[in-house]
Amino acid sequence: MNKHISANRTWKWVSSLLLLSLIAYLIVYPPLKKTDQAASAAMAKVNGVNISTDQLYEAMLVSSGEQTLDSLITEELINQEGQKTGVQITDEDIQKEISFMQGSYSSNDEFQQALTSYGMTLDDLKKNMKTQVLLKKILEPQITISDDEIKQYYDENIESLKVPEQIQASHISVTTIEEADAILAELKKGTDFATLAKDKSLDTATKDTAGALGYFSSGNMEETFDTAAFALAVGETSSAVQTSTGYDIIKVTDRKAAYTPTMEEKKEDIKTTLTNQKLSTLSSTWLQEKKSQSTVENYLSKDA
């Protein structure tokens, strides 16, 4: 995993989805209820004393069961409404949402790093987004975004919409200065950078792609790495750069100048952002309304 990318974004909603999915699975398919032997099987030992699967299940049920069951109830209401109205989601619908999400990251590598940091694959994300996308398709017909709203958003957020200078770079990450110096000597002899990255780099996230980091803007990498990388011209290779994980050798392969996109260029993105903002408000009232109109028997609820 590339440790130079700074954690300037948090995916609390992703981690919550993962946790809720795990607990929901345990509630619906409790492994410990299959047999007495399974229920008493040890999940851990503390000074020789077993913590059983039954204890683990009961603890999870008490601590998060009610919240998770409520999420499952909500999911079922959305699915039923989708069936009632004939709304269906496709792989293209889910991919569109993921592409929009990816756009908030400076590079695909950074997006993949965010997934990896939460122990997720792209397939995991797709599965977890189905209900969210279905709800969006159900409610979207009720939402309109005017040109005036788009212009207002563009004018008020022009600074954040500006695209900063970006560079495309590759790197070779090693532990010691001696290893870095040996690689620099090989590069001076004409050895291919990509070949050395695949053979020598300790960065498991990029070594198979010849150390490629993709495009990134300043501030997305560890400070020493960032400073060295942005000081390089296209085609240049750095000397050994000390980082928190050891030493890096960086090669810049392309550079994109900073620019300000026009409103027309950002129109669809802004429309999507405003739609999501309105969906957030609408979905809350819509779900409350659907719950009040439905017969829901929640046997975990303290009020039940």
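For the structure given in this document, a descriptive report is provided here. Keep in mind it's a predicted model, so treat the numbers as computed, not measured.

Time to look at the pattern of salt bridges. All chains considered together, the criterion is met by twelve salt bridges. Taking the shortest distance from any N to any O, the salt bridge between Lys290 and Glu81 comes out at 3.4 Å. Taken together, the residues Lys290 in helix α13 (residues 263-293) and Glu81 in helix α3 (residues 53-85) connect sequence positions 209 residues apart. Each of the two residues, Lys290 as well as Glu81, counts as buried.

As defined by bridge partners, strand β1 (residues 42-46) adjoins strand β2 (residues 49-52) across four bridges and the pair is classed as antiparallel. Within β2, the residue paired with Ala42 across the bridge is Ser52. What sits between β1 and β2 in their antiparallel hairpin is a turn of two residues, with Asn47 showing a positive phi close to 50 degrees.

What follows is about α3. For α3, with 33 residues, the first-to-last C-alpha span of 42 Å runs short of the 48 Å given by 1.5 Å per residue. Largest kink in α3: about 65 degrees, centred on Ser64. Of the residues one or two after α3, Gly86 is the one with positive phi, at around 80 degrees.

Here we take up the layout of surface pockets. Taken as a whole, the second largest pocket spans an internal volume of roughly 310 Å³. Lys96, Glu97, Lys136, Glu140 and Thr272 are, among the 16 residues lining the second largest pocket, the residues nearest its centre. Contributing elements (two or more residues each) for the lining of the second largest pocket: α4 (91-102), α7 (130-139) and α13. With five residues, α13 is the largest single contributor of residues to the lining of the second largest pocket. Partitioning the lining of the second largest pocket into residue classes produces four nonpolar, three polar and nine charged.

Another aspect to go through is the packing of aromatic side chains. Tallied over the full model, the rule gives one aromatic pair. Centre to centre, the rings of Phe216 and Phe230 are 6.0 Å apart; their planes meet at 80 degrees, and the pair counts as edge-to-face. Of this pair, Phe216 sits in strand β4 (residues 212-217) while Phe230 sits in helix α12 (residues 223-230), and the two are 14 residues apart along the sequence. Of the residues examined, Phe216 reaches a relative accessible area of 1% and is grouped as buried. Positioned over the ring face of Tyr215 is Lys256, at 4.0 Å from the centre of the ring.

The next point concerns the environment of Glu268. Topologically, Glu268 is positioned in helix α13. Put simply, Glu268 and Ile150 are 118 residues apart on the chain and 9.1 Å apart in space, counted from C-alpha to C-alpha.

The tendency in soluble globular proteins is for nonpolar side chains to be buried side by side. Among the nonpolar cores identified, the biggest contains 16 residues, and Ile78, Ile138, Leu139, Ile270, Leu274 and Trp286 are the most heavily contacted of them. Of all the elements in the fold, those that place two or more residues in this core are α7, α8 (147-156) and α13. Not counting the four nearest positions on each side in its chain, Leu139 is found in contact with Leu279, Leu282, Ser283 and Trp286. Listed in part, the 13 residues of the second largest apolar core include Ile167, Met221, Ala229 and Val252.

Procedures and definitions
- Note on numbering: residues in each chain are counted from 1, in written sequence order.
- The predicted origin of the model limits local features to residues at a pLDDT of at least 70 and limits the giving and counting of side-chain atom pairs to 80 or more, whereas totals for whole chains, interfaces and linings rest on all residues.
- Neither water nor hydrogens contribute to the side-chain values; these are computed over all heavy atoms in the structure.
- Criterion for a salt bridge: a side-chain nitrogen of Lys or Arg within 4 Å of a carboxyl oxygen of Asp or Glu.
- Comment: elements are numbered from the N terminus, with helices defined as DSSP H or I runs of at least four residues and strands as E runs of at least two.
- For every residue, the accessible area (1.4 Å probe, protein chains only) is compared with the maximum for its type, and the residue is labelled buried under 20%, exposed over 50%, or partly exposed between those bounds.
- DSSP-based pairing: two strands are paired if at least 2 bridges between them are found.
- For a helix, the expected span equals 1.5 Å multiplied by the residue count minus one.
- Think of it this way: the bend at a residue is just the angle between two axes, each fitted to seven residues, one set ending at that residue and the other starting at it.
- Cavities and pockets were defined on a 1 Å grid built from protein atoms only: a cavity is a group of points that admits a 1.4 Å probe but offers it no way out, a pocket is an open group of points flanked by protein on both sides within 12 Å along at least five of seven lines, and a lining residue is one with an atom within 4 Å of any such point.
- Grid points are joined across faces, edges and corners, and a volume is the space filled by probe spheres set on the points.
- All amino acids are sorted into three groups, where Ala, Val, Leu, Ile, Met, Phe, Trp, Tyr, Cys and Pro are nonpolar, Asp, Glu, Lys and Arg are charged, and the leftover types, Gly among them, are polar.
- Only centres within 6.5 Å qualify two rings of Phe, Tyr or Trp (six-membered ring in Trp) as a pair; their planes then separate them into stacked at under 30 degrees, edge-to-face at over 60, and tilted for everything else.
- Lysine NZ or arginine CZ positioned within 6 Å of the ring centre and within 35 degrees of the ring normal marks a charge as sitting over the ring.
- Buried residues of nine kinds, namely Ala, Val, Leu, Ile, Met, Phe, Trp, Tyr and Cys, make up a nonpolar core once their side-chain atoms join them within 4.5 Å.
- Any pair of residues with heavy atoms lying within 4.5 Å of one another is described as a contacting pair.

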